[in-house]
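Residue-level structure breakdown
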Amino acid sequence: MSPFSKLINIASIQLLQKNLNGNAYIADELEARLLEHLPQSGVSTKRLDMLRDCSAEALVSETLPYQDAVFDCVIAHFTLLWQEDIATFFKEVRRILMPNGVFLFSTLSIKSAHEMERLGDLLLQASFHQLVIDRESLQLQYDNDSQLFADLASSSLNDQLVQVVAEPSGQITATLEVIYGYALGKVISSAFSGKIEIPVEHITLRKS
């Protein structure tokens, strides 16, 4: 990442962080859906919500400012909007995650071939286990384009990631392709049979 690109990215992240609890409706909607993937049975006593807890400078750096194995849950919302080298980022998350920890991330799809497969491969290379990666097409309705573009700006999005269609009625539809990722730090295995066991709450329907 060039110094100029890094400055632009930091400014974009800072804008998103500033509006995450207020005017960034799109970002807030996607964050709520991401958190639906968080297992309700587990209790996260040391959770890192990266957009809320990290500085913009830390998010674009190659090394996260934390010691090894300190978090039992890491949430990385809008991951690819801040991290160009996603392979290095996944390895850093795995480093700071406890062995039995949970990692969740979301990103917007650029509709490239084998996109989800590539993310899955990179997570496996970073030593994550029991991956769940899913894609969702999300449509949001707006009454006017000024409201939509204000939301896009607050959410640090551009028209390359969002498809906008104006209906004859005057209603505007914004469509986003969202990828959600979920992975564990270690395989959950049975002490009796030695087989891999996946808890019911970890199983979700795959959308076509």
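Conventions adopted
- Residues numbered from 1 in each chain as written.
- Predicted model: local features only at pLDDT ≥ 70, side-chain atom pairs only at ≥ 80, totals over all residues.
- Heavy atoms only, no water.
- Helix = DSSP H or I, 4+ residues; strand = E, 2+ residues; numbered from the N terminus.
- Buried < 20%, exposed > 50% of the residue type's maximum accessible area, 1.4 Å probe, protein only.
- Areas by Shrake-Rupley, 256 points an atom, 1.4 Å probe, with all protein chains shown as cover.
- pLDDT = per-residue confidence, 0-100.
- Contact = heavy atoms within 4.5 Å.
- Salt bridge = Lys/Arg side-chain N within 4 Å of Asp/Glu carboxyl O.
- Polar contact = N/O pair within 3.5 Å; in protein donor to acceptor, adjacent residues only side chain to side chain.
- Phe/Tyr/Trp six-rings, centres within 6.5 Å; stacked < 30°, edge-to-face > 60°.
- Lys NZ or Arg CZ within 6 Å of the ring centre and 35° of its normal.
- Arc of directions from axis to C-beta.

So, on to the overall build of the protein. Across its full length, the protein holds eight helices and six strands. When the elements of the protein are put in sequence order from the N terminus, they spell out α-α-β-α-α-β-α-α-β-α-β-α-β-β. A total of 208 residues make up the protein; the buried ones form 44% of that total. Surface summary for the protein: the accessible area is close to 11,200 Å², and the carbon and sulfur share equals 52%.

Averaged over every residue, the pLDDT of the protein is 84; residues scoring 70 or more account for 84%. Note that pLDDT drops below 50 for residues 190-198; the model gives that stretch 12 contacts with residues more than four away or on any other chain.

Assignment of secondary structure puts E31 in helix α2 (residues 25-35). Once residues within four sequence positions are removed from consideration, E31 is found in contact with L20, D49, R52 and H77.

Moving on: the pattern of salt bridges. When the charged atoms of two side chains with opposite charge come close together, those side chains can pair. For the structure on display, the rule yields seven salt bridges. In this structure, E115 and R135 form a salt bridge, with 3.6 Å as the shortest nitrogen-oxygen distance. Of this pair, E115 sits in helix α7 (residues 115-125) while R135 sits in strand β4 (residues 129-142), and the two are 20 residues apart along the sequence. E115 sits in the buried class, given a relative accessible area of 9%. Judged by relative accessible area, R135 falls into the partly exposed class, the value being 25%. One network of salt bridges, with partners in common, ties together E29, R33 and E136.

What follows covers the side chain of T173. Within the element layout of this structure, T173 appears in strand β6 (residues 172-184). Overall, T173 belongs to the buried group, its relative accessible area being 8%. For T173, the side chain forms a polar contact with the side chain of Q141, separated by 2.9 Å. Discounting residues that sit within four places of it in the chain, T173 has contacts with Q139, L140, Q141, Q163, V164, V165 and E167.

Summed over the entire model, instances satisfying the criterion amount to seven aromatic pairs. Here the aromatic cluster, defined as three or more aromatic residues joined through ring pairs, consists of W82, F89, F90, F103, F105 and F128. One cation-aromatic arrangement involves R94 over F128; the distance from NZ or CZ to the ring centre is 5.9 Å.

Turning our attention to α7. Listed as buried for α7 are E115, M116, L119, G120, L122 and L123. One side of α7 carries all its buried residues, which in axial view fall inside an arc of 165 degrees. Facing away from the buried side of α7 by over 90 degrees, the exposed positions are L124 and Q125. The elements touched by buried residues of α7 are α6 (86-96), β3 (97-108), β4 and β6. Taken from the residues just after α7, S127 is the one with a positive phi, measuring 75 degrees.

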